[in-house]
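Here are the chains, one letter per residue:
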Amino acid sequence: MKKILVTGGAGYIGSHTCIELLNSGYEVVIVDDFTNSVMEPVKRLEKLAGKKVSFHEVNLLDKEALDAVFKKEGKIDAVIHFAALKAVGESVAQPLMYYKNNISGSLALFEVMRDNDVKNVVFSSSATVYGDPEETPIKEDATVHATNPYGHTKSMMEQILMDTSHALGWGVILLRYFNPVGAHESGEIGEDPEYPNNLLPFVSQVAAGIREHVTIFGDDYDTIDGTGVRDYIHVVDLARAHVKSIERLTGFDKGTLIYNIGTGTGYSVQQMVETFRQVSGKEIKVVIGPRRPGDIAECTADATLANKELGWSAEYGLQEMIESAWKWQSKYPNGYRGAK
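This text gives an overview of the structure that appears in the document. (Residues numbered from 1 in each chain as written. Predicted model: local features only at pLDDT ≥ 70, side-chain atom pairs only at ≥ 80, totals over all residues. Heavy atoms only, no water.)

1. Topic: the environment of N179
Here is step 1: Looking at the secondary structure, you find N179 in strand β7 (residues 179-181).
Here is step 2: Sequence separation of N179 and G262 is 83 residues, and the distance between their C-alpha atoms is 7.5 Å.
Here is step 3: The residues touching N179, leaving out its near neighbours within four places in the chain, are R230, D231, Y232 and I233. (Helix = DSSP H or I, 4+ residues; strand = E, 2+ residues; numbered from the N terminus. Contact = heavy atoms within 4.5 Å.)

Have a look at this one:
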């Protein structure tokens, strides 16, 4: 495989993945509409990799424009599909928006792939498809029962791809991410939400003086310190899992492969905050709030299958995750929008 089209390539995980693809010798085509992103990380990833990407500002719901991209680019060997709305709380409040954007946008993409004879896809799924797991660490054969509209869109897209793979002979890899954190070692690209939906950007912004405190939602769970435990994975490790997946699809006849992408180690919210205090040397004020509906006590990955079949394993530990996040936050306290 040579040319990879990346939807949502200007986003947090997408931009890190594009660097790893370029560094591994692939040509990269990015399609993004800046719903959750800006152009700046694309410029920076090109500089970091020393190579150019082909960029197209297109919304996946605009099927004609998307088809024109495929026609213009010529032979595309595989698609990595990141583009989606991704906030659980927002999905609960605005389910129609999530179903239209995530499902309809993906259907348009898959139809354009079919029409242009592109048969390989790596899909950005999520551990949210498991809902409240019966046991943890979670294996890929665990029951899928998402508990919110965002998770439902992911599980629906998984099913659509499994059915399409069966019908059309596609090679499909579904990557179920756990909790991506951290930033590129350069500190030039990182997570830049206008309003954070995840823990670490909140903690980073408190350390940087942008926010007054971090709210911990519930300290009475049956965990090591009463706060929720999650499997955090360095975004660069996650990006490299996509490169390994593209390699796995090379010569793969057809069918669907599913892999958990996590470290297998859980850290509590309190442990994350305390490690950030140590790394940053900043005081981070914590306020304990009530549990949020739908939150679970613990969620960690069994990533044995990805280790075995993709030849992938996480290389970075908690210290590196938080050091890289703080390096990014320190260099660009207001993110890309505040950069000169």
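2. Brief notes about the layout of surface pockets
Here is step 1: By volume, the second largest pocket is sized at about 230 Å³.
Here is step 2: For the second largest pocket, the lining is made up of 20 residues, of which E191, D192, P193, Q205 and Q329 are closest to its centre.
Here is step 3: Counting residues per element, the ones that place at least two in the lining of the second largest pocket are α7 (199-207) and α11 (318-331).
Here is step 4: Broken down by element, the lining of the second largest pocket gets its largest block of residues, four residues, from α7.
Here is step 5: A per-class count over the lining of the second largest pocket returns ten nonpolar, six polar and four charged. (1 Å grid on protein atoms, 1.4 Å probe; cavity = no way out; pocket = protein on both sides within 12 Å on 5 of 7 lines; lining within 4 Å. Points joined across faces, edges and corners; volume = space filled by probe spheres on them. Nonpolar A, V, L, I, M, F, W, Y, C, P; charged D, E, K, R; others polar.)

3. Let's talk about the packing of helix α9 (residues 269-280) against α11
The description of two packed helices rests on the angle between their axes and on the distance between the axes.
Here is step 1: Running from N to C, α9 and α11 point in directions that differ by 60°, and their axes come no closer than 10 Å. Classed by the angle they form, the pair α9 and α11 counts as oblique. The element α9 and its partner α11 pack so that their crossing is right-handed. Contacts between α9 and α11 involve M272, T275, F276, V279 and S280 on the former and, on the latter, L318, Q319, I322, E323, A325 and W326.
Here is step 2: Broken down by class, the residue content of the contact of α9 with α11 amounts to seven nonpolar, three polar and one charged. (Axes fitted to C-alpha atoms, helices over the stretch in contact; angles between N-to-C directions. Parallel < 35°, antiparallel > 145°, perpendicular 65-115°, else oblique. Left-handed = near helix turned anticlockwise from the far one by under 90°.)

4. Considering the nonpolar core
Nonpolar side chains in soluble globular proteins tend to be buried together.
Here is step 1: Of all hydrophobic cores here, the largest spans 44 residues; its most connected members are L21 and I261.
Here is step 2: In terms of residue count, helix α8 (residues 235-249) provides more of this core than any other element does, seven residues in total.
Here is step 3: In this view, I261 contacts L175, R176, Y177, F178, I233, L238, A241, A306 and W312; residues no more than four positions away in its chain are not counted.
Here is step 4: Core analysis: the second largest hydrophobic core is formed by 24 residues, V31, V79, I103 and L174 among them. (Core = buried A, V, L, I, M, F, W, Y, C linked by side-chain atoms within 4.5 Å. Buried < 20%, exposed > 50% of the residue type's maximum accessible area, 1.4 Å probe, protein only.)

5. What to know about the sheet that holds strand β12 (residues 267-268)
Here is step 1: Within the open sheet, the three strands sit side by side as β12-β9-β14. Their pairing is mixed. Each edge of the sheet is formed by a strand with only one pairing partner; in this case those strands are β12 and β14 (298-299).
Here is step 2: Bridge analysis of strand β9 (residues 229-230) against β14 gives two bridges, and the strand direction is parallel. Considered in β14, the bridge of V229 is made with E298. (Pairing = 2+ DSSP bridges.)

6. Things to note about the sheet that holds strand β2 (residues 27-32)
Here is step 1: Spatially, β3-β2-β1-β4-β5-β6-β11 is the arrangement adopted by the seven strands of the open sheet, whose pairing is parallel. One side of each edge strand has no neighbouring strand; the edge strands of this open sheet are β3 (54-57) and β11 (255-261). Direction aside, neighbouring strands of the sheet carry axes that sit 15° apart on average.
Here is step 2: In the sheet, strand β5 (residues 120-126) pairs with strand β6 (residues 171-177) via seven bridges, with the strands oriented parallel. Residue V122 lies in a different strand from β6, and its bridge partner there is I173.

7. With respect to the packing of aromatic side chains
Given two aromatic rings, one states the distance between the centres and the angle between the planes to describe the pair.
Here is step 1: The tally for this structure, following the rule as stated, stands at five aromatic pairs.
Here is step 2: Pairing F34 with F55 gives two aromatic rings, centres 5.5 Å apart and planes at 15°, and the pair type is stacked. Taken together, the positions of F34 in the loop between β2 and α2 (40-49) and F55 in strand β3 put the pair 21 residues apart, joining distant regions of the chain.
Here is step 3: On the basis of relative accessible area, F34 is assigned to the partly exposed category, the value being 22%.
Here is step 4: According to the relative accessible area criterion, F55 is partly exposed, its value standing at 22%.
Here is step 5: Measuring from centroid to centroid gives 6.4 Å for F110 and W170, while their planes differ by 80°, and the two rings are edge-to-face. Note that F110 is positioned in helix α5 (residues 95-115) and W170 in the loop between α6 (149-168) and β6, a separation of 60 residues in sequence. (Phe/Tyr/Trp six-rings, centres within 6.5 Å; stacked < 30°, edge-to-face > 60°.)

8. Considering the environment of T35
Here is step 1: Mapped onto the fold, T35 is located in the loop between β2 and α2.
Here is step 2: Among the residues examined, T35 registers a relative accessible area of 45% and is labelled partly exposed.
Here is step 3: Engagement of the side chain of T35 in a polar contact is seen with the side chain of D33, the distance being 2.9 Å. (Polar contact = N/O pair within 3.5 Å; in protein donor to acceptor, adjacent residues only side chain to side chain.)

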